[in-house]
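Chains, contacts and geometry: an overview
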Amino acid sequence: MADSARAARLAQRVKVLMAQSLRTVIKDERIDNVTVTDARVTNDLQHATVYYTVFGEAELKAEIAQILAKRTGALRKELGRNLTIRLTPTLEFVADEIPENASHLDELLAKAREKDAEVAALREGKVHAGDQDPYKKDEPDED
């Protein structure tokens, strides 16, 4: 059983090699829109998951997923040539949804800032309907 530090180092190496191999192994101009964002390797060094993003339309993303699924064997072979470990890990490509989720969160935060500005504009120049401090307080005894 390998330690997790070795798996992390191997994951970084897999990430770099996959980014390079995508351009050399797959001879398709559509692959230029792919960015390898992360790679994870299990502690036993048998399986590697490569996360990628595709900049483009939804149909391009589906085409890239098909290309990667079809060419996984060739990419694994290239990975095995460049790694100095006994067994080449199996590859799994997963579309990374973090950039889309981050942009959605940015949009939600922008909407929240706009609503806060609207509320602040409505509050401008208004006064409280009652006292400034609406909570009851004990009166000091005057005996």
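As for the overall build of the chain
In terms of helices and strands, the chain carries four helices and three strands. The globule rule puts the C-alpha radius of gyration for 143 residues at 15 Å, and the 28 Å found for the chain is more than 25% above it. Its C-alpha atoms put the chain at 90 × 40 × 15 Å along the principal axes.

Regarding the sheet that holds strand S3 (residues 90–95)
Backbone hydrogen bonds are what pair the strands of a sheet, in a parallel or an antiparallel way. Pairing is mixed in the open sheet, where three strands are placed in the order S1-S2-S3. What marks the edges here is a single partner per strand, and that holds for strand S1 (34–41) and S3. With direction set aside, neighbouring strand axes in the sheet form an average angle of 25°. Note that S1 and strand S2 (residues 47–54) share seven bridges and pair antiparallel. Bridge pairing in S2 places Asp-38 opposite Tyr-51. Its contacts with the sheet place helix H1 (residues 4–25) against S1, S2 and S3, and it is angled at close to 155° to S1. Packed on one face of the sheet, helix H2 (residues 58–70) meets S1, S2 and S3 and runs near 155° to S2.

Digging into H1
Its 22 residues give H1 an end-to-end C-alpha distance of 29 Å, which sits within 8% of 32 Å, the value for a rise of 1.5 Å per residue. Of all the positions in H1, only Ala-7, Leu-10, Ala-11, Val-14, Leu-17, Met-18, Ser-21, Leu-22 and Val-25 are classed as buried. Residues of H1 that are buried make contact with S1, S2, H2, helix H3 (72–82) and S3.

Concerning a negative patch on the surface
Together, Asp-138, Glu-139, Asp-141 and Glu-142 make up a negatively charged patch on the protein surface. Relative to the helices and strands, Asp-138 is located in the segment after helix H4 (98–123).

Some thoughts on the pairing of S2
Counting buried residues along S2, six of its eight residues qualify, which places the element largely inside the surrounding structure. Between S1 and the antiparallel strand that follows it, S2, lie five residues; Leu-45 among them carries a positive phi value of about 65°.

Here we look at the confidence of the model for the chain
Considering every residue of the chain, the mean pLDDT works out to 85; 97% of them sit at 70 or more. The secondary-structure element of the chain with the lowest mean pLDDT is H4, recorded at 86, while S2 shows the highest, at 92.

Digging into the nonpolar core
Core analysis: the largest hydrophobic core is formed by 28 residues, its most contacted members being Val-14, Met-18, Ile-64, Leu-68 and Leu-75. Of all the secondary-structure elements, those providing two or more residues to this core are H1, S1, S2, H2, H3 and S3. If one sorts the elements of this core by residue count, H1 sits on top with eight residues. In contact with Met-18, other than residues within four places in its own chain, are Val-36, Val-50, Leu-75, Leu-79, Leu-91 and Phe-93.

Observations concerning the side chain of Glu-78
Mapped onto the elements, Glu-78 comes out in helix H3. A relative accessible area of 18% places Glu-78 in the buried class. The contact partners of Glu-78, leaving out residues within four places of it in the chain, are Ser-21 and Val-25.

Side note on the packing of H1 against H3
Contact geometry of H1 with H3 gives a least axis separation of 10 Å together with a crossing angle of 125°. If you check the angle between H1 and H3, you find them oblique. Viewed along their axes, H1 and H3 form a crossing whose handedness is right-handed. Together, Arg-13, Val-14, Leu-17, Met-18, Ser-21, Leu-22 and Val-25 of H1 and Ala-74, Leu-75, Glu-78, Leu-79 and Asn-82 of H3 make up the contact between the two elements. A per-class count over the contact of H1 with H3 returns eight nonpolar, two polar and two charged.

Parameters and conventions
- Residues numbered from 1 in each chain as written.
- Predicted model: local features only at pLDDT ≥ 70, side-chain atom pairs only at ≥ 80, totals over all residues.
- Heavy atoms only, no water.
- Helix = DSSP H or I, 4+ residues; strand = E, 2+ residues; numbered from the N terminus.
- Rg over C-alpha atoms; globule rule 2.2 N^0.38 Å.
- Pairing = 2+ DSSP bridges.
- Axes fitted to C-alpha atoms, helices over the stretch in contact; angles between N-to-C directions.
- Contact = heavy atoms within 4.5 Å.
- Expected span 1.5 Å × (residues − 1).
- Buried < 20%, exposed > 50% of the residue type's maximum accessible area, 1.4 Å probe, protein only.
- Patch = residues over 30% accessible without salt bridge, like charges linked within 9 Å, V, L, I, M, F, W, Y side chains within 5 Å.
- Areas by Shrake-Rupley, 256 points an atom, 1.4 Å probe, with all protein chains shown as cover.
- Salt bridge = Lys/Arg side-chain N within 4 Å of Asp/Glu carboxyl O.
- Lys, Arg positive; Asp, Glu negative; His and termini not counted.
- Charge placed at Lys NZ, Arg CZ, Asp CG, Glu CD.
- pLDDT = per-residue confidence, 0-100.
- Core = buried A, V, L, I, M, F, W, Y, C linked by side-chain atoms within 4.5 Å.
- Parallel < 35°, antiparallel > 145°, perpendicular 65-115°, else oblique.
- Left-handed = near helix turned anticlockwise from the far one by under 90°.
- Nonpolar A, V, L, I, M, F, W, Y, C, P; charged D, E, K, R; others polar.

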